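The primary structure of each chain is shown beneath.
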Amino acid sequence: MSLAFLLTTLVVVATPGTGVVYTLAAGLSRGRRASVVAAFGCTLGIVPHMVAAITGVAALLHTSATAFQVLKYAGVAYLLWMAWATIRDREAVAVEGNAAPVSAGRVVVRAVLINVLNPKLTIFFFAFLPQFVPAEEPGALVRMLVLSGVFMLATFVVFAAYGVLAASVRRHVIGRPKVMAWLRRSFAGSFVLLGVKLATTNG
């Protein structure tokens with residue numbers, strides 16, 4: 001495993017995106033446990049992209065403009081829905097000592113969908129991993145699985161760190177409605193901006 005792979009992976013993972021925004025929101029609204037669960041869900045959302053890259057489905061998405069556009073706009077629609085839901089549902093980002101509990105399953109499902117509907121991950125796995133796994137190399141499949149596992153581990157660790165840091169300042173915003181209203185609008189705006197960025201991204 002090369003240093004170049006590790007450094008690039010860390011840069012890609014640490015760059016704020018939809019998964020980071022969702023994990024931060026989970027940490028602020030529900031605390032450390034929810035942030036770690038959200039990080040786990042975002043990590044699970046990588047699995048379909050990894051499988052697609054390994055099985056060659058990513059090649060279809062890469063060469064078929066229609067397939068890519070369908071996946072891309074599904075992702076855009078979901079991000080816009082997340083923005084609307086964040087503004088509409090005050091419990092989505094509600095920092096209160098007695099906040100209503102949200103099941104871990106619900107947190108995971110939302111997190112998984114966020115990354116499943118992110119075509120950039122498919123392109124990343126298709127264009128990035130092959131550079132470190134020559135097709136003629138014996139055991140190429142195993143190597144790709146190992147590198148994918150490293151990418152997923154880095155995602156979980158970095159996202160969980162983001163979430164735990166957010167949860168650590170949670171007590172400072174408890175009982176401050178204006179701060180929470182600002183946070184809710186900020187997260188909703190972030191989802192909208194990320195959706196617009198995705199919509200204007202060419203394959």
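Each value, and the rule that gives it
- Residue indices begin from 1 for each chain and proceed along its sequence in written order.
- It should be noted that, the model being predicted, local features are given only for residues of pLDDT at least 70 and side-chain atom pairs only at 80 or more, the latter also being counted only at that level, while totals for whole chains, interfaces and linings use all residues.
- Side-chain descriptors were evaluated using all non-hydrogen atoms of the structure, hydrogens and water having been removed beforehand.
- Here an angle of 0 to 180 degrees is reported between the N-to-C directions of two axes, which are lines fitted to C-alpha atoms, with helices fitted over the stretch in contact.
- Put simply, DSSP marks the helices as runs of H or I at least four residues long and the strands as runs of E at least two long, and each gets a number from the N terminus on.
- Angles are sorted into four bins: roughly parallel if under 35 degrees, roughly antiparallel if over 145, roughly perpendicular if 65 to 115, and oblique for all others.
- Note: crossing handedness is left-handed where the near helix turns anticlockwise from the far helix by less than a right angle, and right-handed where it turns clockwise.
- Contacts: residue pairs with any heavy atoms within 4.5 Å of one another.
- Throughout, the ten residues Ala, Val, Leu, Ile, Met, Phe, Trp, Tyr, Cys and Pro are labelled nonpolar, Asp, Glu, Lys and Arg are labelled charged, and all others, Gly among them, are labelled polar.
- Buried Ala, Val, Leu, Ile, Met, Phe, Trp, Tyr and Cys residues form a nonpolar core when they are joined through side-chain atoms within 4.5 Å.
- Burial here depends on accessible area, computed with a 1.4 Å probe over protein chains only, as a share of the maximum for the residue type. Under 20% is buried, over 50% is exposed, and the range in between is partly exposed.
- Each residue carries a pLDDT score, the predictor's own confidence in it, on a scale running from 0 to 100.

In this section: the packing of helix α4 (residues 47–55) against helix α9 (residues 140–168). Any two packed helices are characterised by how steeply their axes cross, that is the angle between the axes, and by the distance between the axes. Here α4 crosses α9 at 160°, and the two axes come no closer than 11 Å. Accordingly, the angle class assigned to the pair α4 and α9 is roughly antiparallel. Seen along the crossing, α4 lies across α9 with a hand that is right-handed. Mapping the contact onto sequence places Val47, Met50 and Ile54 in α4 and Leu141, Met144, Leu145, Ser148 and Met152 in α9. Within the contact of α4 with α9, the residues separate by chemical class into seven nonpolar, one polar and no charged.

Let's shift gears to the environment of arginine 171. Locating arginine 171 in the fold gives a position in the loop between α9 and α10 (177–199). Considering only alpha carbons, one finds arginine 171 and leucine 28, 143 residues apart in sequence, at a separation of 8.8 Å.

Counting 30 residues, the largest nonpolar core has Phe125 and Phe159 as its most contacted members. It is α9 that provides the largest number of residues to this core, a total of nine residues.

The next point concerns the side chain of threonine 155. Its place among the elements puts threonine 155 in helix α9. A relative accessible area of 3% places threonine 155 in the buried class. Excluding residues within four positions of it along the chain, threonine 155 makes contact with Val13, Thr43 and Ile46.

Viewed as axis vectors pointing N to C, helix α2 (residues 18–30) and helix α3 (residues 32–44) meet at an angle of 160°, and their least axial separation amounts to 7 Å. On the basis of their axis angle, the class for α2 and α3 is roughly antiparallel. When the axes of α2 and α3 are compared, the crossing they make is right-handed. Contact residues: α2 offers Gly19, Tyr22, Thr23, Ala26, Gly27 and Arg30, while α3 offers Arg32, Ala34, Ser35, Ala38, Ala39 and Cys42. Classifying every residue of the contact of α2 with α3 by side-chain character gives six nonpolar, four polar and two charged.

To continue, consider the environment of threonine 15. Positionally, threonine 15 belongs in the loop between α1 (3–14) and α2. Placed 143 residues apart in sequence, threonine 15 and valine 158 show a C-alpha to C-alpha distance of 9.9 Å.

Turning next to the confidence of the model for the protein. When pLDDT is low, close inspection of the predicted coordinates is not appropriate. Residues at a pLDDT of 70 or more form 66% of the protein, whose mean pLDDT is 75. Confidence, read as mean pLDDT per element, is least for helix α5 (residues 57–63) in the protein (56) and greatest for α3 (92).

Moving on to the environment of alanine 77. Locating alanine 77 in the fold gives a position in helix α6 (residues 65–88). We classify alanine 77 as partly exposed; its relative accessible area is 45%. It is 9.5 Å that separates the C-alpha atoms of alanine 77 and alanine 199, two residues lying 122 residues apart in sequence.

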